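Structure assessment
Each chain, letter by letter, is given below.
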Amino acid sequence: MTPNQQQRLRDLQINVGQKLVIKNGLEIIVSFSTNGWRHFRNADDVKHSYSFMTDLELVEKLKEKYGNSLSIFEYPRNERPTLAEVYK
């Protein structure tokens, strides 16, 4: 992949709408994009098994791990922030 192609892909990724954001306290754990991508903030939360889980299964797994400290934000279709806006 050329540097221009890599930059184009990064630009596309940061402008994708996020339908769900999960935080542990003030720290973002993961966001779920409208295109099906999941963006984990911390490499410790990335597991190969997560890629085979549905969104709901992943949310439940994170609830087990983090307990009541999780906050879950679901955005209506016309109010979804981009990935760049979420991680500002």
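In the block above lies the structure referred to throughout.
Within each chain, residues carry numbers counting from 1 in the order of the written sequence. The predicted origin of the model limits local features to residues at a pLDDT of at least 70 and limits the giving and counting of side-chain atom pairs to 80 or more, whereas totals for whole chains, interfaces and linings rest on all residues. Side-chain measures here rest on the full set of heavy atoms in the structure, leaving out hydrogens and waters.

**A look at the side chain of Gln-18**
Strands are runs of DSSP state E lasting at least 2 residues, helices are runs of H or I lasting at least 4, and numbering of each runs from the N terminus. On the secondary structure map, Gln-18 appears in strand S1 (residues 18-24). At 2.8 Å, the side chain of Gln-18 and the side chain of Ser-31 are in polar contact. When checking whether two residues touch, look at their non-hydrogen atoms; a contact exists if any pair is within 4.5 Å. The residues contacting Gln-18, other than those within four sequence positions of it, are Ser-31, Phe-32, Ser-33, His-39, Tyr-75, Arg-80, Pro-81, Thr-82, Leu-83 and Val-86. Definition of a polar contact: a pair of N or O atoms within 3.5 Å, with one able to donate and the other able to accept a hydrogen when the atoms are protein atoms, and with sequence-neighbouring residues admitted only if both atoms are side-chain atoms.

**Structural notes on the layout of surface pockets**
A water-sized probe rolled over the atoms picks out the places where empty space is left. Lining residues are defined by having an atom within 4 Å of a point belonging to a cavity or pocket. Those points lie on a 1 Å grid over the protein atoms alone, cavities being sets where a 1.4 Å probe fits but cannot get out and pockets being open sets with protein on both sides within 12 Å along at least five of seven lines. Grid points are joined across faces, edges and corners, and a volume is the space filled by probe spheres set on the points. In this structure, the largest pocket encloses a volume near 150 Å³. If you trace the largest pocket, you find it lined by Lys-19, Leu-20, Asp-55, Leu-56, Val-59, Lys-63, Ile-72, Glu-74 and Arg-80. Among the secondary structure elements, those contributing two or more residues to the lining of the largest pocket are S1, helix H2 (55-66) and strand S4 (70-74). Element by element, the count of residues in the lining of the largest pocket is highest for H2, at four residues. Ten residue types, Ala, Val, Leu, Ile, Met, Phe, Trp, Tyr, Cys and Pro, are classed as nonpolar, four, Asp, Glu, Lys and Arg, as charged, and the remainder, Gly among them, as polar. Looking at the lining of the largest pocket residue by residue, the classes come out as four nonpolar, no polar and five charged.

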